[in-house]
Amino acid sequence: MTNQEFLRAPKTPLNDAQMEAVNHTFGPALVLAGAGSGKTRVITTRAARLVTEGHASPDSVLCVTFTNKAANEMRQRISSILDVSADAMWVSTFHAACLRILKSEHAHAGYERMPVIFDATDQKSLVKGILKEMGVPDTDFPYRKVMGVISRFKNEMKGPEEMAGDIYLRGAKILSQAYYQYQERLKSNNAVDFDDLLTLCISIFENRDDVLEAYRARFKFIMVDEFQDTNSAQYRFIKLLTGAEGNLFAVGDDDQSIYRWRGAKVGNIFDFERDFRGTRVILLEENYRSAGNILNAAGSVVREIGGRKEKKLWTKQKAGDPVTLYVADDGMDEAHFVAYEIMSAAKKGAAYGDFAVFYRTNAQSRTIEEAFTSWKIPYRVYGGLKFYERKEIKDVLSWLRLAVNENDDLSFRRAISSPPRGVGATSLAKLASYAASRRVSLLSAARAEDNGIGASAKKELLNFAAVVSHIGEMAGASNASALIKYAVENTGYLNFLEEKKTAQDVARAENLMELASAAEDDAAIGDFLDRITLASESDLVEEGMGTVSIMTLHVSKGLEFPVVFMVGMEDGLLPHKNSMDKIEEMNEERRLCYVGMTRAMRKLYLSRALNRNLFGSWNRGVPSIFLSSIPDDVLEKKKSVNVGRTHTQGFSRNSRW
DNA sequence: TAATCTTGAGTTTTT
DNA sequence: CTCAAGATTA
């Protein structure tokens, strides 16, 4: 999983259960791998073994995971075990695998040219635009909900018709219209969204036996990581690809299922044995990561959930330090406690990279960051605003996307006003209705002589179209990085930033340079665009960076750190207030808590505050119900020592308490 | 058309 | 409190 584990791995022999899993060759297997039980090692060793023992050629193995980071790490580890190249092996995320399939098979899904991928931001503006046009009040149909419903139906392979007929769905009729429109818009932009990558592959497989057979013949062995997080579409995709021999090897842990709200079906783990007769179930129960007390405390939190696959995680490690529960006066005090503990350890020689701070909501990061800044502790926030979702990045990329795909009206709208060039809402509306009536893209409408736009805006539009065309012509000849540099300068975007010269704009200009260097490895701009829309922030987490890592509990999954702080252990935060009245959601919060705790190797700190400022008003902090699950003998309680107060010169700013 | 003010909403987000 | 989106004004 991490470098530490990787370096340690070759020295430790596999345990019996790991050995059984690695040596499993034919037929279906379900490996229930507890936190820190070496599941990545099992998958990679097995993949390598299938090849070295001659059961499979590299190109007949497909390994799917959820994050690029996990995929990259897996590939690296497999090739380091193998003496032959593992390049031919498909080790990737679900989405990247589907993208790759679609690149050859898109015609079977009704796409003449390979569609581009619209990311979350694009989806958002598409949905918002549709709702606005439909004149639906956003109080009744907030775009977030609408997007969620559409995604849910897609992942169940249900179209707008089925949505309209869903009697349990409030506002089904309107929602299904929005859904229909949404798909239409994607199609006319020659675009697909993340969900489509999967669902299109599924429908190709279901409608074209010959295509399905070809892929089945190729992928003799399929492995799935983090199986508990697969949604219906992903499971269906896997079931389709798994041929008659059923060489499907799934690894997962129902206790670490934290994406139910996104459509993940823990039930897939329970259905597995039914769907694949004769499944061999293997339990990995020995934990190699955490000290005894930490494992004990974490296990107690999740033990209260009903209907789990019962596993008893154990470790040979010593009990170690007790889990420390710090009761702070308020959020500031809590943050300064964390900073103080890290600072003291650092003075004794600990590396900042050994520490991580987890919280339930992004809003909690601010307080921690402020404390770290005042103590001069280097930190890095993971998650939050993604690099590729920053305004300046999306602005420049919109030019490139438009140049690559002239039907991309969404990118047109963004590019035309970045930087602003005297084409505003009125001209755009005219242009849009012209384009709609002739069924052409906005870009070709901009080039049209008879589009009825006023003279000055028309001139701007023609200039704009000329620059786009030029970028498009260059796209074939120059590499991605050079093209980005060209676009940054020739669209006037860099000038626009440099003229303003505020600190933010300087930072933005720097980000654009970073964008160009991020593209250096990609030859074609199209590949670069695909790669970054499928990239995520957690891909960037690296250890030994010499900085403290701070992130949400969700982002922490799959990582490990010697010392972990979990802040905000209060009812309303963890468990989150919106999840407290439904038992299933409450269980998911429990699992989330468990995931966070089991990231810790040596030392785990939990903290809560007696008073917490939320959205500008003070609330009394009620201890998290999860704390009451943890046995007293592994817990060491600490009262506030107000370490922050002395540091920040007295009861400054926010402290009324 | 673009900058500035006001209002309102705020869980998590692998791709 | 803080940020983003919409409304208003220059």
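All figures in this text were calculated on a predicted structure; none of them were measured in a lab.

Draft legend 1. Here's a closer look at the overall build of chain A. Scanning chain A for helices and strands turns up 28 helices and 16 strands. Taken over the C-alpha trace, chain A has a radius of gyration of 26 Å; the compact-globule value for 657 residues is 26 Å, and the two agree within 12%. Residues counted as buried form 55% of the 657 residues belonging to chain A. Across chain A, every contact between residues at least 6 apart in sequence was considered, and the portion connecting residues at least 24 apart equals 79%. When the accessible surface of chain A is summed, it comes to about 28,800 Å², and 52% of that surface belongs to carbon and sulfur atoms. Charged side chains of chain A number 86 positive and 86 negative; the gap between the two group centres comes to 3 Å.

Draft legend 2. Geometry of the side chain of T242. Examined against the element boundaries, T242 turns out to sit in the loop between α12 (232–241) and β7 (248–252). Judged by relative accessible area, which is 6%, T242 ranks as buried. Only 2.8 Å separates the side chain of T242 from the backbone oxygen of I238, close enough to count as a polar contact. Excluding anything up to four places from it in sequence, T242 contacts R216, I222, N247, L248 and F276.

Draft legend 3. Structural detail: unusual backbone geometry. Residue P575 is bonded to the preceding L574 through a cis peptide linkage, with omega at 0°. Looking at the element boundaries, P575 is found in the loop between β13 (561–566) and α27 (583–597). With phi around 60°, M157 is a residue other than glycine that occupies positive phi space. Position of M157 relative to the elements: it lies in the loop between α7 (143–155) and α8 (160–164). A relative accessible area of 23% means that M157 is categorised as partly exposed. We note that E226 has phi near 50°; this positive angle belongs to a residue other than glycine.

Draft legend 4. Region of the structure containing the protein's contact with DNA strand C. The environment of DNA strand C is formed by K124, K128, R366, F615 and G616. Sugar and phosphate atoms form 57% of the subset of DNA strand C atoms that lie within 4 Å of the protein. Between DNA strand C and the protein, one listed contact pairs a phosphate oxygen with a side-chain N or O atom of K124 at 2.9 Å. R366 is positioned such that a nitrogen or oxygen atom in its side chain is 3.0 Å from a phosphate oxygen of DNA strand C. Across the surface near DNA strand C, the residue classes break down as one nonpolar, one polar and three charged.

Draft legend 5. Molecular detail of the pattern of salt bridges. Using the criterion set out here, one finds 40 salt bridges in the structure. Notably, a salt bridge pairs D193 with K154, separated by 2.6 Å at the nearest N-O pair. Taken together, the residues D193 in the loop between β5 (191–192) and α10 (194–207) and K154 in helix α7 connect sequence positions 39 residues apart. We note that D193, like K154, is buried. When the shortest N-O distance is used, the salt bridge between R612 and E334 registers 2.9 Å. Residue R612 is located in strand β14 (residues 600–614), and its partner E334 is located in helix α15 (residues 331–347); the two are separated by 278 residues in the primary sequence. Like E334, R612 is buried.

Draft legend 6. Structural view of the packing of helix α14 (residues 292–302) against α27. At a minimum axis separation of 8 Å, α14 and α27 run at an interaxial angle of 170°. Classed by the angle they form, the pair α14 and α27 counts as roughly antiparallel. Each of I294, A297, A298, G299, V301 and V302 in α14 lies in contact with α27, whose residues at this interface are R590, R591, C593, Y594 and M597. Residue classes in the contact of α14 with α27 are distributed as eight nonpolar, one polar and two charged.

Draft legend 7. Focus on helix α19 (residues 425–438). With 14 residues, α19 extends 20 Å from end C-alpha to end C-alpha; this agrees with the ideal 20 Å at 1.5 Å per step. Within α19 the residues assigned to the buried category are S427, L428, L431, Y434 and A435. When α19 is viewed along its axis, its buried side chains cluster within an angular range of 125° and face the same direction. Away from its buried face by more than 90 degrees, α19 exposes A425, T426, A436 and S437. Where α19 is buried, its residues touch α18 (409–416), α20 (442–447) and α21 (455–477).

Draft legend 8. Structural detail: the confidence of the model for chain A. Predicted confidence across chain A gives a mean pLDDT of 87, with 93% of residues reaching 70 or more. Long-range and interchain partners of residues 1–9, a stretch whose pLDDT sits below 50, account for 19 contacts in this model, where long-range means more than four residues apart. Taken together, the stretch residues 646–657 has pLDDT below 50 and engages in 17 contacts with residues farther than four places along the chain or on a different chain.

Draft legend 9. Region of the structure containing the sheet that holds strand β1 (residues 29–33). With parallel pairing, the six strands of this open sheet are ordered in space as β3-β2-β6-β7-β1-β8. The open sheet has two edge strands, β3 (90–93) and β8 (280–284), and neither has a second partner. With strand direction ignored, the average angle separating the axes of adjacent strands in the sheet is 15°. With four bridges connecting them, β1 and β7 associate as parallel partners. Looking at the pairing, V31 lines up with V251 of β7.

Draft legend 10. Expanded view of helix α6 (residues 120–134). In a regular helix each residue adds 1.5 Å, so 15 residues correspond to 21 Å; α6 covers 21 Å between its end C-alpha atoms and thus fits that length. Contacts made by the buried residues of α6 are with β4 (116–117), α7, α9 (172–188), α10, α17 (391–404) and α18. The distance from a side-chain oxygen at the start of α6 to the backbone nitrogen of T121 is 3.0 Å, and the residue carrying that oxygen is D119. Two residues or fewer after α6 comes G135, characterised by a positive phi angle close to 70°.

Rules used in this analysis
- Residues numbered from 1 in each chain as written.
- Chains lettered and ligands numbered in written order.
- Predicted model: local features only at pLDDT ≥ 70, side-chain atom pairs only at ≥ 80, totals over all residues.
- Heavy atoms only, no water.
- Helix = DSSP H or I, 4+ residues; strand = E, 2+ residues; numbered from the N terminus.
- Rg over C-alpha atoms; globule rule 2.2 N^0.38 Å.
- Buried < 20%, exposed > 50% of the residue type's maximum accessible area, 1.4 Å probe, protein only.
- Contact = heavy atoms within 4.5 Å.
- Areas by Shrake-Rupley, 256 points an atom, 1.4 Å probe, with all protein chains shown as cover.
- Lys, Arg positive; Asp, Glu negative; His and termini not counted.
- Charge placed at Lys NZ, Arg CZ, Asp CG, Glu CD.
- Polar contact = N/O pair within 3.5 Å; in protein donor to acceptor, adjacent residues only side chain to side chain.
- Near = heavy atom within 4 Å.
- Nonpolar A, V, L, I, M, F, W, Y, C, P; charged D, E, K, R; others polar.
- Salt bridge = Lys/Arg side-chain N within 4 Å of Asp/Glu carboxyl O.
- Axes fitted to C-alpha atoms, helices over the stretch in contact; angles between N-to-C directions.
- Parallel < 35°, antiparallel > 145°, perpendicular 65-115°, else oblique.
- Expected span 1.5 Å × (residues − 1).
- Arc of directions from axis to C-beta.
- pLDDT = per-residue confidence, 0-100.
- Pairing = 2+ DSSP bridges.

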